[in-house]
Amino acid sequence: MSERGVVGVVGAGTMGRGIAQVAATAGFSVLLYDADASAVAAARERIGASLARARERGRLGEEPETVLGRIRPVADLAGLEPAGWVIEAVPEELELKRRLFARLGEQNPRAVLASNTSTLSITALARGVPGPERVLGLHFFNPAPRMPLVEVIPGVETEPEVVGRAVAFVRQLGKEPVVAKDRPGFIVNRIARPYYGEALVLAGDGVPFETVDRVMRGLGFPLGPFELMDLIGLDVNFAATKSVWEQTFHLPRYRPHPLQAERVAAGWLGQKTGRGFYTYPRAPSEAPEPGEPRPLRVYLVGEGSLAGALAGRVRRAPPDEAELVLDLRVPLEAKAYPEGVPEGLPVLTLAWGHSASRARPRYPGAREVYGFSLVPPLAEGQPMELFAPEGGEVPPWLVGFARALGFAPVMLPDQPGGVGFRILALLANEAFSALREGLADAATLDRAMELGTRYPRGPLAWARLFGLPELEAGLRGLYAELGEERYRPDPLLVRRAAVGL
Ligand code: NAD
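Cut-off values and rules
- Residues numbered from 1 in each chain as written.
- Predicted model: local features only at pLDDT ≥ 70, side-chain atom pairs only at ≥ 80, totals over all residues.
- Heavy atoms only, no water.
- Salt bridge = Lys/Arg side-chain N within 4 Å of Asp/Glu carboxyl O.
- Helix = DSSP H or I, 4+ residues; strand = E, 2+ residues; numbered from the N terminus.
- Buried < 20%, exposed > 50% of the residue type's maximum accessible area, 1.4 Å probe, protein only.
- Pairing = 2+ DSSP bridges.
- Right-handed = clockwise from strand over helix to strand, strands pointing away.
- Domains from an automatic or database assignment.
- Contact = heavy atoms within 4.5 Å.
- Buried area = accessible area lost by both parts, 1.4 Å probe.
- Polar contact = N/O pair within 3.5 Å; in protein donor to acceptor, adjacent residues only side chain to side chain.
- Phe/Tyr/Trp six-rings, centres within 6.5 Å; stacked < 30°, edge-to-face > 60°.
- Axes fitted to C-alpha atoms, helices over the stretch in contact; angles between N-to-C directions.
- Near = heavy atom within 4 Å.
- Areas by Shrake-Rupley, 256 points an atom, 1.4 Å probe, with all protein chains shown as cover.
- Nonpolar A, V, L, I, M, F, W, Y, C, P; charged D, E, K, R; others polar.

### Overview of the pattern of salt bridges
- Counted according to the given criterion, the structure contains 24 salt bridges.
- A salt bridge links glutamate 161 to arginine 165, with the nearest nitrogen and oxygen atoms 3.4 Å apart. Note that glutamate 161 and arginine 165 are positioned in helix 6 (residues 160-172) at a spacing of 4 residues, about one turn of the helix.
- A relative accessible area of 37% places arginine 165 in the partly exposed class.
- One salt bridge in this structure joins aspartate 235 and lysine 272, with 2.9 Å as the shortest N-O distance. Of this pair, aspartate 235 sits in helix 11 (residues 234-247) while lysine 272 is found in the loop between helix 12 (258-266) and strand 9 (297-301), placing the two residues 37 residues apart along the sequence.

Structure below.
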C-alpha cells in the first residue's frame, strides 16, 4: 500500500477512470470498483494508454506501469474497506448514489465519502448515511487528468474539519480546490448555464448556430456553445440543464430549450452519435466574405468602455467633416441624433441594449441607422457584429468600415445585444447572482470559471471590462425589448454599478 493512503473509486466510467488515474499519479493506492466488471478492465486499459501518452509528452515523471500498478480492481464494495477516501462516479441518479453511500457508510465507518455529482444536492445524498458529517462533494471536470479544478462542496451536515481535509486532499491530488456552496450546479455548472441557454435562445430566434459558434470562438473561447454541447453530449447537457431548472423550482432563466430537447429525442446526441448540432466528420466552414476596407471619418458620441478602446482605431472628425455618426451610448436616448451634426449622416449605434429596428426612429435626422456590437477588450480580427433594421440589409460600405477598423464583420438578423454581448452579459449577471448568494467570493468565482471551463477570463472580469453601468444598461435594454426575466439585471450588479464599485 502506498504511504499516501488508499482511495476507493466507485464507477469506472468516464469520470471514475479519470479520477483513479489522478489519484494513482499522485501516489495513492487506488481500489477501483464497478458494478460491471468488464468496465474495470476496460478502464485499466484506457488509463494505461492515457498514462503512456502523458509520459510521451513529458507530463508523467514515472513509468506508466508503476502508476498503473497502484490501481487494483476489486470485485465488490466490501473490497473498498481499506480506503480512507471513497469517491463515487456512478450515474447521476439520486437514489442510486444514496443507496451506495448508505452501504459504504456502514462498512467504512471512518472513510470520507465523496460524490462526483454534477448537479445533485450533497445534503440530499448524505441523508440517511451513517455519519453524514463526512459526506461531501468532490466535483472533478472532464477529462479529470487534464482539468485542474475540483469543487469541494460541503452539505449542511458536513464537518468543517472534513472540508479542510478534503481541500488538502485535492491539493495532494495536484488539483486546485475551490469550496462552493451546495446549490444547484455549484459554481461552474451554475454560472455556465447561459453559455448554452442563451446560445439556444439566439438560435431559436433565427441566428444560425454556426454563426454563434464563430463569434464566441472569435472572442477567445476554445469552443462555441454548439460545438461544446456536441462534445459534452446533448443528453448529458440537457440532463444537467433540467436538473438545475427542477432544483430551482423552475426559475425561468434556467428553462431548457426545445431545440435541444428535439435533438435528444431524435437521438442526435453530438459527436458520440455522429450527429448533434453538426454532422461528423464536420464539413469545413465557409470562408468569410471578401470586401475592401473602408476607413470613414467618424463623429464619436458617448464615453462608455468601448470609447477608449476604439479611440486609437477610428479616424475621428468634427461634426461638419464626419461621414458617419458612431454612437457608443448604451441606453437608447429619446432623441438620439446628436445636436450640431448636419442631418443626413448614417448612424451606427452600439446594440448592447437594443435592436437596430428599435433604434431607427430615435434618429430622425439620420440617412440610415445600423446596429453593431463589439466586446472588449478589442483584439485585431475579432468579430464585429452588424445589424440592419427589419426589412433592410447591412450595406457593403459598413462591412468595409468594420474591416478598416481591423475586425471581422459578421452579419446577423436584427435583435438586441448580439451574440457576444448577450451571452457574456448573462454569464456575468449569473456570476453576480452567485456572488450575492454567497456561493464563493468574487475572485474564487472567476478562478473557478477559468479553470473549470477554459473560458478566456472569468465573467466578473468581463463585467469590469464592459463597465458595470454599461452592463446594467445593456441588460435593462434587453429586458425591455425581449421581456424575459432572464435579462433582468441582478440586484447586486445594480447596487455595485450605483455606488461605482
Ligand atoms: P459513465 O456512465 O461514464 O460511468 C458510470 C459507471 O458507473 C459505469 O461504468 C457503470 O457501469 C457504473 N455503475 C453503474 N451503477 C453502478 C453501481 N451501482 N455500482 C458501481 N458502479 C456502477 O458516467 P460518468 O460520465 O463517468 O459520470 C459519473 C458521474 O460523474 C455522474 O454523477 C456525473 O454527473 C458526474 N460527472 C460527469 C462529468 C462528465 O463530463 N461526464 C463531469 C463531471 C461530473
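### Some details on the pairing of strand 15 (residues 408-411)
- In this structure, strand 14 (residues 383-387) lies alongside strand 15, joined through 4 bridges in parallel fashion. Following the sheet pairing, proline 383 is matched in strand 15 by alanine 408.
- Handedness of the strand 14-helix 15 (residues 396-404)-strand 15 crossover: right-handed.

### Notes on the domain arrangement of the protein chain
- The domain boundaries assigned to the protein chain delineate domain 1 (6-182), domain 2 (185-283 + 419-501) and domain 3 (297-411).
- Using C-alpha coordinates to define each centre, domain 2 is positioned 26 Å away from domain 3.
- Contacts between domain 2 and domain 3 engage 20 residues on the former and 17 residues on the latter.
- Counting the surface domain 2 buries against domain 3, the share from its top three residues, Phe421, Glu470 and Glu481, is 31%.
- Between the two partners, domain 2 and domain 3, sit 1 salt bridge.
- The salt bridge partner of glutamate 481 is arginine 358, with a shortest N-O separation of 2.8 Å.
- Between the two partners, domain 2 and domain 3, sit 7 residue pairs in polar contact (both at pLDDT 80 or more).

### What about the sheet that holds strand 15?
- The sheet built from 7 strands is open, its strands ordered 10-9-11-12-13-14-15 with mixed pairing. Here the strands that pair on one side only, and so sit at the sheet edges, are strand 10 (315-316) and strand 15.
- With 2 bridges joining them, strand 9 and strand 10 adopt parallel strand pairing. Following the sheet pairing, valine 298 is matched in strand 10 by arginine 316.

### A word on the packing of aromatic side chains
- Enumeration according to the criterion identifies 15 aromatic pairs in this entry.
- Taking the centre distance of 5.2 Å and the plane angle of 85 degrees together, the rings of tryptophan 352 and phenylalanine 466 count as edge-to-face. Here tryptophan 352 is found in the loop between strand 12 (347-350) and helix 14 (356-359), whereas its partner phenylalanine 466 is found in helix 18 (residues 459-466), with 114 residues between them in sequence. By the burial criterion, tryptophan 352 is buried, and phenylalanine 466 matches it.
- With 6.0 Å between their ring centres and 75 degrees between their planes, tyrosine 370 and tryptophan 397 make a pair best called edge-to-face. Residue tyrosine 370 is located in strand 13 (residues 369-373), and its partner tryptophan 397 is located in helix 15; the two are separated by 27 residues in the primary sequence.

### What to know about the sheet that holds strand 8 (residues 176-179)
- Spatially, 3-2-1-4-5-6-7-8 is the arrangement adopted by the 8 strands of the open sheet, whose pairing is mixed. Across the chains shown, the open sheet's two edge strands, defined by having one partner strand only, are strand 3 (71-73) and strand 8. Averaged over all pairs of adjacent strands, the angle between their axes in this sheet comes to 25 degrees, without regard to strand direction.
- Relative to strand 6 (residues 135-140), strand 5 (residues 112-115) runs parallel, the two being bridged by 3 bridges.

### Considering the site of the ligand
- Taken together, 23 residues sit near the ligand, with Met15, Asp34, Glu92, Lys97 and Asn116 positioned nearest.
- One nitrogen or oxygen atom from the side chain of lysine 97 is found 2.7 Å from an oxygen atom belonging to the ligand.
- Asparagine 142 places a side-chain nitrogen or oxygen 3.2 Å from an oxygen atom of the ligand.
- In isolation the ligand has 840 Å² of accessible area, and contact with the protein removes 74% of it.
- Elements represented by at least two residues in the shell around the ligand include exactly helix 1 (14-25), helix 4 (94-107) and strand 6.
- Grouping the constituent residues of the shell around the ligand by class yields 11 nonpolar, 8 polar and 4 charged.

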